[in-house]
Amino acid sequence: MSWILQAISDELQGQEVEVKQDMLVGRHQDCDLVLQSSAISRRHAAFSVRDEQLWLTDLNSSNGTFVNDARIAQETLLTQGDIVQFANLKFALLAENADLVLDENLELSKTAGQTAADNHAQKMNEQGMPSLTERSAETAVNHEGMPQHVAVPKPAPIPEGVDPHAKAEPTPVPVEQPVSRVEQEVEQQKNVSVGLMTIIVIIILAVLAFVFFK
């Protein structure tokens, strides 16, 4: 089994490293995984593969090794989805064949479910409809197998004073009569006349007041 380290830090965004055996991580060129950063120690950490499990050990680095944001001081077992960090560089740990195993398990589950459904349908087809003797003896049936003497629920009682045969009277809908243009003109002329008379009366009152109080 092998694993994939997928870089998630801005400096190494998108880069992937395969881990399938013991690996030394550090800044020195002799390391299996060389990380060019001043925060990384020359020999920073080490991966160990034992019994198809991946372990990580910090090698007394200056800025530490972290698993899921927790600094480790001893050998730590890693699992898929862990966030591994060397100083300021972060990686996501993925199992290389995790998607394949998931797809195989899903396909097996679908196959088993389909097989069970097919067996159930086949069993029902073989049994067919139950005979008259297999049905409940408490329910009487005719020669065609239809139930007889089945109680029908009674309808709710009709309130007193309500005639169920009475027809509902239609509700009259008021119709607004359109106003003709002639009526509009007459109304407008009336309004003009009233306004003119009002002005004349005001003028007369003003003249009278001027005469009496002069």
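Here the structure is shown first, and the text comes after it.
Residues numbered from 1 in each chain as written. Predicted model: local features only at pLDDT ≥ 70, side-chain atom pairs only at ≥ 80, totals over all residues. Heavy atoms only, no water.

If you tally the helices and strands in the chain, you get two helices and 11 strands. Helices and strands in the chain line up, N terminus first, as β-β-β-β-β-β-β-β-β-β-β-α-α. Looking at the chain as a whole, 22% of its 214 residues qualify as buried. Across the chain, the fraction of contacts at a sequence separation of at least 24, relative to all contacts at a separation of at least 6, is 33%. Accessible surface for the chain amounts to roughly 17100 Å². Of this, 56% is attributable to carbon and sulfur atoms. (Helix = DSSP H or I, 4+ residues; strand = E, 2+ residues; numbered from the N terminus. Buried < 20%, exposed > 50% of the residue type's maximum accessible area, 1.4 Å probe, protein only. Contact = heavy atoms within 4.5 Å. Areas by Shrake-Rupley, 256 points an atom, 1.4 Å probe, with all protein chains shown as cover.)

Let us look at a nonpolar patch on the surface. On the surface, L196, M197, I200, V201, I204, L205, L208, F212 and F213 cluster together to form a nonpolar patch covering roughly 980 Å² of accessible area. Following the sequence through the fold, L205 ends up in helix α2 (residues 181-212). (Patch = residues over 30% accessible without salt bridge, like charges linked within 9 Å, V, L, I, M, F, W, Y side chains within 5 Å. Salt bridge = Lys/Arg side-chain N within 4 Å of Asp/Glu carboxyl O.)

Our focus in this paragraph is the nonpolar core. Counting residues in hydrophobic clusters, the biggest one holds 25 residues, and the most contacted among them are L35, F47, L56, L78, F86 and F91. Mapped onto this core, the elements with two or more residues apiece are β1 (3-7), β3 (23-26), β5 (45-50), β6 (53-58), β10 (83-86) and β11 (89-95). Among the elements that make up this core, the one with the highest residue count is β11 (four residues). (Core = buried A, V, L, I, M, F, W, Y, C linked by side-chain atoms within 4.5 Å.)

Enumeration according to the criterion identifies two aromatic pairs in this entry. Considering the side-chain rings of F47 and F86, the 6.0 Å spacing of their centres and the 85° angle between planes classify their relative orientation as edge-to-face. In this pair, F47 sits in strand β5 while F86 sits in strand β10, placing the two residues 39 residues apart along the sequence. By relative accessible area, which is 0% here, F86 ends up buried. Of the aromatic side chains, those joined through ring pairs into one cluster are F47, F86 and F91. (Phe/Tyr/Trp six-rings, centres within 6.5 Å; stacked < 30°, edge-to-face > 60°.)

For the rest of this paragraph, the subject is the side chain of S41. Mapped onto the elements of the fold, S41 is located in the loop between β4 (33-34) and β5. Owing to a relative accessible area of 12%, S41 belongs among the buried residues under this scheme. Not counting residues up to four positions away in its chain, the partners in contact with S41 are G26, R27, S61 and S62.

With that out of the way, let us pick up unusual backbone geometry. Look at D51: it is not a glycine, yet its phi comes out positive at around 55°. With respect to the secondary-structure elements, D51 resides in the loop between β5 and β6. Judged by relative accessible area, D51 falls into the exposed class, the value being 74%. Of note in the backbone geometry, N60 takes a positive phi value of approximately 55° without being a glycine. Note on placement: N60 falls in the loop between β6 and β7 (65-67). Look at N60 and you get exposed, because its relative accessible area is 75%.

Where burial is concerned, most of β11 is hidden: five out of the seven residues are buried. Direction of pairing for β1 relative to β11: antiparallel, over a ladder of five bridges. Considered in β11, the bridge of W3 is made with A95. Pairing of β10 with β11, which is carried by four bridges, proceeds in the antiparallel orientation. Paired with F86 across the two strands is L89, which belongs to β11. Connecting the antiparallel pair β10 and β11 is a turn made up of two residues, with A87 showing a positive phi of about 60°. (Pairing = 2+ DSSP bridges.)

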